[in-house]
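Fold and contact review
Here are the chains, one letter per residue:
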2 protein chains.
Amino acid sequence: MHRVKVRVVEDALDANNTIARANRDDFDRHGVTVVNLMSAPGAGKTTLLERALQGLSVRAGVLEGDVQGSLDADRLASLHLPVVQLNTGNGFGGECHLDANMVRSALPALPLEDIDLLIVENVGNLVCPAEFRIGEDVRIMVSSVAEGEDKPLKYPLMFRACELVIINKLDLLPHVDFDMERFLHHLDAVHPGVETIQLSARTGEGVDEFRAWLERVPARVPA
Amino acid sequence: MHRVKVRVVEDALDANNTIARANRDDFDRHGVTVVNLMSAPGAGKTTLLERALQGLSVRAGVLEGDVQGSLDADRLASLHLPVVQLNTGNGFGGECHLDANMVRSALPALPLEDIDLLIVENVGNLVCPAEFRIGEDVRIMVSSVAEGEDKPLKYPLMFRACELVIINKLDLLPHVDFDMERFLHHLDAVHPGVETIQLSARTGEGVDEFRAWLERVPARVPA
C-alpha cells in the first residue's frame, strides 16, 4: 500500500514538471518573468501586493490562487492590473496548493503579451506548494513575525525552496514573542545565505525595498 | 488522468476511514476521548496547550504532529504529561496533515491506559487536515486574529469540520486590522451556531474557559 502511494506521488510530480516546462516555454515566448509567492494563511501576501504593486515600474499581472472565493482578487482590483482568480475547489479537488496544470488552465485568461511580470499568489500553506513547480522563475516565501521564530525549522522545505524570504508584520514586533536574531539563525540553518527583506505591509515600512527587488527580477533571471 | 487521480484520492480516503475506525475502537476500549486540534502554522496551538493543560482535572496526553522536528513536544515536556512526537517526514512522505495510519503507528507509544483525554496537535495547515479523520471524538480549530477576518470564507471546510473554534491572540487586537464582528459573521455563514471561545494563550485571558471546555469533552461524547 505504501509503495503504491509513493509511486502515485512520483508519477504526479513527473507529470507536473512536464506541464511546468510547457508553462515556462509560454512565459518565455512572451517575455514574462514569473514569481511564485508562497506563505502560511494570513501571512499578508495580498496586503503586500496591494502596497508593492502600486507604482511598480514594470507591467505586472497577478494570478490569485485560493481554495475558493475571490476575496483576494477583489482586493487587488483597484490596482487596475490584470488579475485572474484560480480556485483549486473548482474541478481540482480543493487542493492545498497550485500545481502546473492549474496554472496552465488559467493561461488563456492572462494577457501575457501585455505584462512583463506575473505574480502567482499561491494557496496559503507551508508544506505542499514547495513541492509543485508551476513554471516560475523565482519563488518568494512570506513569513510573519506573528507566526513565531521556529517556522524555518518546522517547515524547512518551504524555506529552502525560495530565492527570497520576506519577514512581514514588523509593526507587531513589540507585541509578540519573536526574536529576529533567532529566526534568522534558524533560517540560515535550513537555507544558508538566502536573501531576506524585513517589512510591514500594513505600515509600508520596507515595502520600497521589496518593490525594487521585484523590479530587478527580470534582470536576475538568465535569458 | 484527472479521473484516475480522483479515484486514487477516494480510495485513500476510504482506507483512511477504515483505519480511523480501528483507532476509535482502541480509544474506546481504553476509555480515552480524543481531540483533533487543527490550525494554520503559527496560530498558537502549542502555547495554548502549555497554558491549558496546566491544572487540568482529567489525565491528558498529547500526540504532536509535525512535518519534522520535535520543537513542540520539547516545549510540552515540562508539563509532565505523556507526549509523543509524530513526524510526517519520517516514512510518510512529508505529508501536510496527519492521517489515521500515522496516528495508528504512534498508538504503541501512547500509554492509553493512563490517560482519559488525548489531544492530537495536527500539522499546521488550513486545508488537508479537515479531510482526514484520525479516530477523534471532537475537532477544534484555532484561528488567530493576526491571520485576518476572512479565513472562514477562504478555508470553509476547515471551519465547518470542527465542534469548537478558538479565536486566539486576543492581546493583538489593538495592533491588527481585525473586526471580530465580521469574523464571527463569516464564521456563522460557513458553520452556523458553532461554539467559539475568544482567548489569548500568551496572556492567559480566556484560557480557563477553554480548560473547562476540555474537561467537559468526555461528558459530551456519547458512550
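In case you missed it, the structure is sitting above this.
Values in this document were obtained by computation on a predicted structure and should not be read as measured data.

**Examining the interface of chain B and chain A**
The interface of chain B with chain A comprises 39 residues on the first partner and 39 residues on the second. Across the chain B to chain A interface the summed buried area is about 3100 Å²; carbon plus sulfur atoms make up 55%. A per-residue breakdown of the area chain B buries against chain A is headed by Pro41, Lys154 and His175 of chain B, which together make up 19% of the total. There are six salt bridges connecting chain B and chain A. Between lysine 154 of chain B and aspartate 66 of chain A there is a salt bridge, with its nearest N and O atoms 3.4 Å apart.

**A closer look at the pattern of salt bridges**
Residue and element names in this part refer to chain B. According to the stated counting rule, one finds 32 salt bridges over all chains in the structure shown. A salt bridge links aspartate 28 to arginine 24; the shortest N-O distance between them is 3.6 Å. On the criterion of helical spacing, the pair formed by aspartate 28 and arginine 24 is a turn pair, its members being four residues apart in helix H1 (residues 2-29). Its relative accessible area of 45% is what places aspartate 28 among the partly exposed residues. The salt bridge partner of aspartate 72 is arginine 75, with a shortest N-O separation of 3.9 Å. Separated by three residues within a single helix, aspartate 72 and arginine 75 lie in helix H3 (residues 71-76), roughly one turn from each other. Here aspartate 72 falls in the buried class, since its relative accessible area comes to 1%. Judged by its relative accessible area of 31%, arginine 75 falls in the partly exposed class.

**A closer look at unusual backbone geometry**
Residue and element names in this part refer to chain A. Positive phi values are uncommon outside glycine, yet lysine 169 reaches one of about 65°. Along the chain, lysine 169 turns up in the loop between strand E6 (164-168) and helix H7 (180-190). With relative accessibility at 12%, the residue lysine 169 sits in the buried group.

**Here we look at the environment of proline 129 of chain A**
Residue and element names in this part refer to chain A. Along the polypeptide, proline 129 turns up in the loop between strand E4 (117-121) and strand E5 (138-144). For the pair proline 129 and arginine 75, spaced 54 residues apart in the sequence, the C-alpha separation amounts to 23 Å. Here proline 129 is in contact with Met38, Cys96, His97, Asn122, Val123, Arg139 and Met158, once residues within four sequence places are set aside.

**What about the pairing of strand E6 (residues 164-168) of chain B?**
Residue and element names in this part refer to chain B. With five of five residues buried, E6 is to be regarded as a mostly interior element. Alternating residues of E6 divide into Leu164, Ile166 and Asn168 and Val165 and Ile167, and every residue in both groups is buried. With five bridges connecting them, strand E5 (residues 138-144) and E6 associate as parallel partners. Residue pairing in the sheet places isoleucine 140 in a bridge with leucine 164 of E6. Relative to strand E7 (residues 195-198), E6 runs parallel, the two being bridged by four bridges. Across the sheet, valine 165 pairs through a bridge with threonine 196, a residue of E7. Of the crossover connections in this fold, the one passing from E6 over helix H7 (residues 180-190) to the parallel E7 is right-handed.

**Here we look at the relation of the copies chain B and chain A**
Note on the copies: chain B fits chain A at an RMSD of 0.0 Å, the axial shift is 0.0 Å, and the rotation between them is 180°. The superposition operator between the copies reduces to a two-fold rotation axis. Across chain B, the rotation axis passes nearest the C-alpha of asparagine 125 of chain B, at a separation of 3.0 Å. A shared binding surface is used by both copies, with 100% of the interface residues of chain B retained as interface residues in chain A.

Parameters at a glance
- Residues numbered from 1 in each chain as written.
- Chains lettered and ligands numbered in written order.
- Predicted model: local features only at pLDDT ≥ 70, side-chain atom pairs only at ≥ 80, totals over all residues.
- Heavy atoms only, no water.
- Contact = heavy atoms within 4.5 Å.
- Buried area = accessible area lost by both parts, 1.4 Å probe.
- Salt bridge = Lys/Arg side-chain N within 4 Å of Asp/Glu carboxyl O.
- Helix = DSSP H or I, 4+ residues; strand = E, 2+ residues; numbered from the N terminus.
- Buried < 20%, exposed > 50% of the residue type's maximum accessible area, 1.4 Å probe, protein only.
- Pairing = 2+ DSSP bridges.
- Right-handed = clockwise from strand over helix to strand, strands pointing away.
- Least-squares fit on C-alpha atoms with pLDDT ≥ 70 in both.

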